[in-house]
Amino acid sequence: MMNLQVINRELSVGSIDIEGVASASLVLIGDADVIQLASAFDTPPESLLIGPFVPLSPEG
Amino acid sequence: MLKRCSIVNELSGITLSFSSVYQLGDSQTILSTTKAYAVQREKEFFLSSEGTFDSDVFNKTVELPPIKRNVIVNRMNLSPIRVNCMKVQATAFSSIIHIGNTCNVYMDSRVKNIRQLEGDAEYSEEELEEIQETEIPGLEAEDEEPIEFVEFRDGENQNTIE
């Protein structure tokens, strides 16, 4: 078993400018014990459809 | 239990949408998930009842590495967190802006992207009218009135009531 001693002295942020945060993302100023992030992004081959516009079936 | 103060002078944002959070101060557990079925079409043609979250990308569980908590962490918070100025244009889809300490965070994002181009397809005026006149369920529903759920199968509308 390991002992870790953390002493948080000054944490001072001057200025942060962010355009966008999206899709279950986290901007954290501070400490965390455990961070678990999962992400799945799918653009299957059939995701590019060329042809007449038809509604996507519920199975799609 | 208050562990660490957060002092924020200015936090400004333009858009905060789709279950996003600004958290100033400590938190214990964060569990945030988002599912997005994104459809982009060359022409404006959208129905609210299209698609489902049945596909693998939404339902497969992502295997996470095991957490081995064989470290004892001892924190001494001597000074507060100070933030002078923070500008975030847009926060969306279960995202979190967090100023302060936290313990456990789990976040999950699933996105499926479909693009539909017109190609050489040409529509007769009748077809265009049909597209424009396609009834969108729930559009004319009164407040608190249950909305009919419309399924599309083989281009045929099958009405089912939930």
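For clarity, every value in this text was computed on a predicted model and none was experimentally measured.

Draft legend 1. Quick look at the overall build of chain B. Helices and strands together make up the secondary structure of chain B, namely two helices and nine strands. Across the 162 residues in chain B, those meeting the buried criterion constitute 19%. Considering only residue pairs separated by 6 or more positions, chain B has 77% of its internal contacts joining residues 24 or more positions apart.

Draft legend 2. Inspection of the pairing of strand β7 (residues 104-117) of chain B at higher detail. The pairing of strand β4 (residues 34-42) of chain A with β7 of chain B spans nine bridges and is classified as parallel. Residue Val34 of chain A lies in a different strand from β7 of chain B, and its bridge partner there is Asn104 of chain B. Note: strand β5 (residues 48-50) of chain A against β7 of chain B, three bridges, orientation parallel. Note that in β7 of chain B the partner of Ile50 of chain A across the bridge is Leu117 of chain B. Looking at chain direction, strand β3 (residues 29-41) of chain B and β7 of chain B are connected through 13 bridges and run parallel. When the sheet's bridge partners are listed, Ser32 of chain B is paired in β7 of chain B with Met107 of chain B.

Draft legend 3. Region of interest: unusual backbone geometry. Residue and element names in this part refer to chain B. Positive phi, normally seen in glycine, also occurs at Phe18, with a value near 50°. Mapped onto the elements, Phe18 comes out in the loop between β1 (6-16) and β2 (21-24). Notably, Ser94 is not glycine yet its phi reads approximately 60°, a positive angle. Counting through the fold element by element, Ser94 comes out in the loop between β5 (81-91) and β6 (96-99). Residue classification places Ser94 among the buried residues on the basis of 24 C-beta atoms within 10 Å.

Draft legend 4. Highlighting the interface of chain A and chain B. Of the residues lining the interface, 57 residues belong to chain A; the matching set on chain B comes to 70 residues. If you list the elements that add at least two residues to the side of chain A that touches chain B, you get β1 (2-8), β2 (11-21), β3 (26-29), β4 and β5 of chain A. Ranked by the residues each element gives to the side of chain A that touches chain B, the list is headed by β2 of chain A, at 11 residues. Looking at side-chain class alone, the side of chain A that touches chain B contains 32 nonpolar, 17 polar and eight charged residues.

Draft legend 5. Representation of the environment of Met1 of chain A. Tracing the backbone through its elements, the reader meets Met1 of chain A in the segment before β1. C-beta crowding within 10 Å serves as the criterion here: with 6 such atoms nearby, Met1 of chain A is assigned to the exposed category. The sequence separation of Met1 of chain A and Val34 of chain A amounts to 33 residues, and the corresponding C-alpha distance is 18 Å. Among residues more than four places away in sequence, those in contact with Met1 of chain A are Asn70 and Ile72 of chain B.

Rules used throughout
Residues numbered from 1 in each chain as written. Chains lettered and ligands numbered in written order. Predicted model: local features only at pLDDT ≥ 70, side-chain atom pairs only at ≥ 80, totals over all residues. Helix = DSSP H or I, 4+ residues; strand = E, 2+ residues; numbered from the N terminus. Buried ≥ 20, exposed ≤ 12 C-beta atoms within 10 Å, placed from the backbone. Contact = placed C-beta atoms within 7 Å. Pairing = 2+ DSSP bridges. Nonpolar A, V, L, I, M, F, W, Y, C, P; charged D, E, K, R; others polar.

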